[in-house]
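Residue strings, one per chain:
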Amino acid sequence: MDLNSYAELAVRLVNTAGAGGQDGDRLANLDGLRNLVADRQHLNTGVTRNDLDELRALRAEFRAFFAACAAGDGEDAAARLNALLIQHPVHPQLSGHDDQPWHVHYTDSGSVADKYAAGAVMGLAVRLTDVGINRFGLCQAAGCPGVFIDTSTTSTKPYCSDRCLNRANVSPFRARKRDEDDGEAKAPTASA
């Protein structure tokens, strides 16, 4: 069972709010929800407006969990996950689809939102116990609401995506270049 992919469901959901420097809410309508679950066969059929509303609310809950972790508040992070585990109970079931070997889904019953929530919450809970709260972070790029699970060996990842990393690196470079150009323009020129 790939618990990382279940935990990544939470990251993916939170990051529909415009993470990675992308403008706009990518979970604003049912098409956005369909895109969110397009690669998950057990989630990508029968999406409803109610699923959309429930997942938008869950997105806020997950963001609060990541914020608690980023603040180093393990008590709050655990309390949030425990409340979500109660709200979205897990019913493990063996599943075989898409010519894959038998594997466990955390739930194959209920609405799309129920299935998404149960898997994501359980994935976060297991990852939290495996790696601790310091691996769950908020993107440090200006204006980005993204979150991430740091899987680096150094545990120092500050951005949710390569796009945010590149933006953060380019911004100081451009500022230095502008300062250099302004300095050259202001420098007195020698007359012959």
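The preceding data block contains the structure.
This is a predicted model, so every value here is computed, not measured.

Just to check I follow, could you spell out the packing of aromatic side chains for this structure?
To describe a pair of aromatic rings, you give the distance between the ring centres and the angle between the ring planes. Per the stated rule, a full pass over the model turns up 3 aromatic pairs. Each ring, one from Phe65 and one from Phe66, has its centre 5.4 Å from the other, and the planes form 80 degrees; the classification is edge-to-face. Phe66 shares its class with Phe65; the two are buried. Ring centres of Phe65 and Phe136 lie 5.3 Å apart, and the angle between their planes is 75 degrees; on these two criteria the pair is classed as edge-to-face. Highlighted residues: Phe65 in helix H3 (residues 49–70) and Phe136 in strand E3 (residues 136–138), separated in sequence by 71 residues. Phe136 carries the same exposure label as Phe65, and that label is buried. Counting every residue linked through ring pairs, the aromatic cluster contains Phe65, Phe66 and Phe136.

What exactly am I supposed to notice about unusual backbone geometry here?
Excluding glycine, a negative phi dihedral is what most residues carry, and trans is how most peptide bonds are arranged. At Ser155, a position not held by glycine, the phi torsion is positive, near 55 degrees. In this structure Ser155 comes out as partly exposed when scored by relative accessible area, which is 25%.

I would appreciate a short explanation of the pattern of salt bridges in the present structure.
Note on pairing: side chains with opposite charge can pair once their charged atoms come close. Tallied over the full model, the rule gives 7 salt bridges. Taking the shortest distance from any N to any O, the salt bridge between Arg12 and Asp39 comes out at 2.8 Å. One end of the pair, Arg12, is in helix H1 (residues 3–14); the other, Asp39, is in the loop between helix H2 (30–37) and H3, and 27 residues separate them in sequence. Residues Asp53 and Arg49 are paired through a salt bridge, measuring 3.5 Å at the closest nitrogen-oxygen approach. Remark: Arg49 and Asp53 occur in helix H3; sequence separation between them is 4 residues, near one turn of the helix.

When you look at helix H5 (residues 112–131) in this model, what are you seeing that I'm missing?
For an α-helix, the turn length of 3.6 residues means that residues three or four places apart are oriented alike. For H5, spanning 20 residues, the distance from its first C-alpha to its last is 28 Å, which sits close to the expected 28 Å at 1.5 Å a residue. Counted residue by residue, H5 has 15 buried out of 20 residues, so it is predominantly covered. Looking one or two places after H5, you find Gly132, whose phi comes out positive at around 85 degrees.

Please clarify how the nonpolar core should be interpreted in this entry.
One broad rule of soluble globular proteins: the nonpolar side chains tend to lie buried together. Phe62, Phe65, Tyr116 and Leu124 are the most contacted members of the largest nonpolar core, which has 37 residues in total. Secondary structure elements with two or more residues in this core: H1, H2, H3, helix H4 (74–87), H5 and strand E4 (147–149). Here this core gets 9 residues from one element, more than from any other, and that element is H5. When near neighbours in sequence (up to four residues on either side) are disregarded, Leu124 contacts Ala7, Ala10, Phe62, Phe65, Phe66, Leu81, Phe136 and Ile149. Judged by nonpolar contacts, the second largest core, of 8 residues, contains Ala19, Cys139, Cys144 and Cys164.

Even after reading the chapter, I still don't get H3, so can you show me in this structure?
For H3, built from 22 residues, the straight-helix expectation of 32 Å at 1.5 Å per residue is met to within 8% by its first-to-last C-alpha distance of 32 Å. Turning to H3, its buried residues are Asp51, Leu52, Leu55, Leu58, Arg59, Phe62, Phe65, Phe66, Ala68 and Cys69. Positive backbone phi, at 75 degrees, marks Gly72, one or two positions downstream of H3.

The rules behind the values
- Residues numbered from 1 in each chain as written.
- Predicted model: local features only at pLDDT ≥ 70, side-chain atom pairs only at ≥ 80, totals over all residues.
- Heavy atoms only, no water.
- Phe/Tyr/Trp six-rings, centres within 6.5 Å; stacked < 30°, edge-to-face > 60°.
- Buried < 20%, exposed > 50% of the residue type's maximum accessible area, 1.4 Å probe, protein only.
- Helix = DSSP H or I, 4+ residues; strand = E, 2+ residues; numbered from the N terminus.
- Salt bridge = Lys/Arg side-chain N within 4 Å of Asp/Glu carboxyl O.
- Expected span 1.5 Å × (residues − 1).
- Core = buried A, V, L, I, M, F, W, Y, C linked by side-chain atoms within 4.5 Å.
- Contact = heavy atoms within 4.5 Å.

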